[in-house]
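Coordinate inspection notes
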Amino acid sequence: MHPPFSRRRALLATLIAATVHGTAVAEEAQLPTISVTAPTQVAPLNASAVATETLQSLAPATSDTASLLKNVPGLTIQGSGGVSGLPVLHGLADDRLRIKVDGMDLISACGNHMNPALSYIDPSNVESATVLAGISPVSVGGDSIGGTILVDSPAPKFAKPGEGSLFTGEVGLFVRSNGNAHGDNLTATAASEKYSLTYSSSTTESENYTASDDFKDPAQIYVNDVGDSAIDSDEVGSSMYKSTNRSLGFAMLNGNHLTELKVGMQDIPYQGWTNQRMDMTGNDSTQINLNHTAQLDWGTLEARAYHERTRHAMQFFDDKLFWYGATSADDGIPCEIAGGSSGCAGGMPMDTEGKNTGALLKGELALSARDTLRVGGELQQYRLNDWWDASGKGMWPETFVNINDGERDRTALFGEWEAQWDAQWLTQFGLRYEQVAMDADEVQGYATSTSIAPFNTMIANKYIHEAAAFNNADRAKTDNNIDLTALARFTPDANRTVEFGFAQKTRSPNLYERYTWSTNGMSMRMINWAGDGNGYVGNLELEPEIAHTVSATFDWHDGAEQSWGVKVTPYYTYVTDYIDVERCGPDDVATGTTSSACSTANLTATDTFVYLKFVNESARIYGLDISGHFPLAKNTGYGNFTATGMLNYVRGENEDTGDNLYNMMPLNAKLAVNQRSGGWNNSVEVELVDEKTEVSATRNEMQTDAYQLLHLRSSYTWKQVRFDVGIENALDTFYNHPLGGTYMGEGKTMSGGDILWGTPVPGMGRSIYAGVNFKF
């Protein structure tokens, strides 16, 4: 283990103490009472704040908070669970993005990344969402190369001066036809002028959704357990989910100081996975978040400390085979669990526990009328245990230890200088140093001795040799990472702004990329957050990714009114030591053993699932975002009409192999006409997606066809009530989303060869939704 860990705990305590001490000193100084807000800064032009109307109109249409961002230029959603979509920004996703929820850096505690950061906040509880692509300020970046996403719940409310007390809140319901989805949300606040107490809760639930047409390969035999109902040919298996989020927040406003303490809890009893071999059968999380914001005589101060604990479980849920018998004829029949080739397996339990503790101290100083300085420090300590209990057949007789006491600790310092030189020129320069220290304890397979019976001696030897090789290796890794940003903005007149800049961003590998160790085929198939059905193994020799990005944004608009506007953003990113994959072969297997997964045949296999090893290579990503809005008619008898549009193009290439990068969205566009009249807000949206032909050969990525979708939305606000209705995919068009992954929704998914390669996960068919919210 790393000796500096105890020093990091001391630094964490120091940051918290500094927050308390700063509060006390400021109170003694008796500074004048002012409104308190978090430190602000000039955001890059390619930053996108999702409009409040967009958040409100999309909330009843989705249970996936990531989907609230789908109209941001350059961003799309990688298919995942019903509440766990993964944002993809300029071709970079997941851990390559810095995603903060209420200021917390949440980490996915799962080998399939089933519990990403945005899954911990319900769409109904999102008050603001901001996306910063590529060149994000170092004060909100770090340990990422693709950009930053900031999502926040509503700020605490207080009674107005002289009002005495405040009682307010909101209650809402929604239903959706496809999947019989439904949910509710409640927020209630009791406050005085100084204190505020808020409770919020939300629950969302859905059955499997259906596609617009039959999509399953007739040659595929989907074996399920005896007694399970058959799944229709247009039903997307394992797309069901249920999620409940609750939080209790306390806030205190003391002059120019705002202190907030929030405790949040999540309970997901199940969430099926259409593009993974496993399903989520439990995700229980508790978050404690303490924040203090103050306006002091020298500037603004923000201090935060948080702790999150997640207990996560995976197993095969209703649509996937649970009982694996002695022969294929016995599959699906309940039996007594026993080891060996003639034994019986009861599913495959996979458990993780993650503990995440962090702190932030950030100050903003107005050095002069021209210059603003932001400085700060961050700490994060993350612990992960990942283990798989014995369940029979080859998964016997001991517990498989995938990651044992994994550690990933970050320490960061940053400084940022922003200067408004005159009415036309603004510059921003930032420097960030970050140390990432990682380690993991010794591991073991399902067998630690060949004398343990019943067990296949060859497989037992494999686990023993590979675990020994990993345990004898140097597992402690320390990365010293540097981020740089340089941004300039030129505003020649009220109708034009040009911004250009450069960024160097660095990300260290995650624990699964570095520390997963087994090349047994079944073990590798359990490590996958790409949704491609392939198997993965880690690499202790991985280096951090370093991305160099140049970007420019050209913004034409209608002066201060912004009634019309067009933005064009070209970008280019070159990544050294990009963490990609290569096919594993016999040379990747521990000495003294063999692997049917990492075989010679695996190196050249096509049209099938393959086995991959994380490696460092070089990559380049480039593209173009275009977005705009324009008034079509104003003050007519039918209200105001506005046209909006967006076009995105991204291309990713592996410079070492010449292959295409995985999960690159093809050319796509969105067009809409919005109408506002009194309390009415209506829109007609068209979504256009080109065919996907540039795919990763290394992963045997599937191509997809072009498609066009029509969406209709309407809302009406009357006093304290808002009604929403809409139709997603109004024409019931069949389509495969380019980032939807491969279909793993039913059948014998633990097996390497019993699920046929080549069936994409289809998009949802027509869905009619309705929602109502009442504010009191």
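About the cut-offs
Residues numbered from 1 in each chain as written. Predicted model: local features only at pLDDT ≥ 70, side-chain atom pairs only at ≥ 80, totals over all residues. Heavy atoms only, no water. Disulfide = S-S within 2.5 Å. Helix = DSSP H or I, 4+ residues; strand = E, 2+ residues; numbered from the N terminus. Buried < 20%, exposed > 50% of the residue type's maximum accessible area, 1.4 Å probe, protein only. Phe/Tyr/Trp six-rings, centres within 6.5 Å; stacked < 30°, edge-to-face > 60°. Pairing = 2+ DSSP bridges. pLDDT = per-residue confidence, 0-100. Contact = heavy atoms within 4.5 Å. Salt bridge = Lys/Arg side-chain N within 4 Å of Asp/Glu carboxyl O. Polar contact = N/O pair within 3.5 Å; in protein donor to acceptor, adjacent residues only side chain to side chain. Core = buried A, V, L, I, M, F, W, Y, C linked by side-chain atoms within 4.5 Å.

1. A word on the state of the cysteines
For the coordinates displayed, the defined rule picks out two disulfides. A disulfide bridge connects Cys 335 with Cys 344, and the sulfur atoms are separated by 1.6 Å. Between the sulfur atoms of Cys 584 and its disulfide partner Cys 598 the distance amounts to 2.1 Å. Linking Cys 584 and Cys 598, the disulfide has an S-S dihedral of approximately -85 degrees and is accordingly described as left-handed. Of this pair, Cys 584 sits in the loop between β26 (565-583) and β27 (611-636) while Cys 598 sits in the loop between β26 and β27, placing them 14 residues apart in sequence. Each member of the pair, Cys 584 as well as Cys 598, is classed as buried.

2. Digging into the packing of aromatic side chains
As enumerated under the stated definition, the model contains 23 aromatic pairs in all. Their ring planes at 25 degrees and their centres at 5.4 Å tell us that Tyr 536 and Phe 614 sit as a pair that is stacked. Taken together, the residues Tyr 536 in strand β24 (residues 535-537) and Phe 614 in strand β27 connect sequence positions 78 residues apart. Both residues of the pair, Tyr 536 and Phe 614, count as buried. A centroid spacing of 4.8 Å and a plane angle of 40 degrees characterise the contact between Trp 680 and Tyr 716, whose relative ring orientation is tilted. One end of the pair, Trp 680, is in strand β30 (residues 680-689); the other, Tyr 716, is in strand β31 (residues 707-718), and 36 residues separate them in sequence. Residue Trp 680 is classed as partly exposed on the basis of its relative accessible area, which comes to 43%. Tyr 716 sits in the partly exposed class, given a relative accessible area of 27%. Ring-pair connections join several aromatic residues into one group, and the members of that group are Trp 388, Phe 400, Tyr 446, Tyr 463 and Trp 517.

3. Considering the sheet that holds strand β4 (residues 92-93)
Spatially, the three strands line up as an open sheet ordered β2-β3-β4, and their pairing is antiparallel. Looking at the sheet topology across the chains shown, the edges are occupied by β2 (75-78) and β4.

4. Points about the confidence of the model for the protein chain
Scored by pLDDT, the protein chain comes out at a mean of 93, with 94% of its residues at no less than 70. Across residues 11-39, where pLDDT falls below 50, the model places 44 contacts with residues more than four positions away in sequence or in other chains.

5. Considerations on the sheet that holds strand β5 (residues 97-101)
Strand pairs in the sheet, formed through backbone hydrogen bonds, run parallel or antiparallel to each other. A sheet is described by the order of its strands in space; here five strands give the open sequence β1-β7-β8-β5-β6, paired in mixed fashion. Each edge of the open sheet carries a strand with a single partner, namely β1 (47-49) and β6 (104-105). Where β1 and strand β7 (residues 128-133) come together, three bridges link them in antiparallel fashion. Looking at the pairing, Ala 47 lines up with Leu 132 of β7.

6. So, the pattern of salt bridges
The tally for this structure, following the rule as stated, stands at 44 salt bridges. In this structure, Arg 432 engages Glu 434 in a salt bridge whose closest nitrogen and oxygen atoms are separated by 2.9 Å. Each member of the pair, Arg 432 as well as Glu 434, carries the same accessibility label: buried. What emerges from the salt-bridge pattern is a single network uniting Arg 98, Lys 100, Asp 105, Asp 143, Glu 378, Arg 408, Arg 410, Arg 432 and Glu 434.

7. Observations regarding the side chain of Asp 479
Topologically, Asp 479 is positioned in strand β22 (residues 477-493). On the basis of relative accessible area, Asp 479 is assigned to the buried category, the value being 6%. Of note is the side chain of Asp 479, whose polar atom sits 2.8 Å from the side chain of Ser 508. Beyond its immediate sequence surroundings of up to four residues, Asp 479 is in contact with Glu 434, Gln 435, Val 436, Ser 508, Pro 509, Arg 514 and Pro 544.

8. Overview of the nonpolar core
The biggest cluster of nonpolar side chains holds 53 residues, and the ones touching the most others in it are Met 278, Met 348, Trp 388, Tyr 446, Tyr 515 and Met 522. Listing elements by their share of this core, those giving two or more residues are β19 (371-388), β20 (400-420), β21 (425-439), α3 (457-471), α4 (511-515), β26 and β27. Once residues lying within four places of it in the same chain are set aside, the contact partners of Met 278 are Asn 112, Met 114, Trp 273, Met 314, Gln 315, Phe 316, Lys 320, Met 348, Met 350 and Met 526. Counting residues in hydrophobic clusters, the runner-up holds 26 residues, among them Ile 77, Leu 97, Leu 106 and Val 131.

9. With respect to the side chain of Gln 266
Within the secondary structure, Gln 266 sits in strand β13 (residues 257-271). Residue class for Gln 266 comes out buried when judged on its relative accessible area of 4%. Within the structure, Gln 266 has its side chain in polar contact with the side chain of Asn 245 (distance 3.2 Å). In this structure, Gln 266 is in contact with Ser 119, Tyr 120, Ser 243, Thr 244, Asn 245, Asn 283, Asp 284 and Ser 285, ignoring residues within four places of it in sequence.

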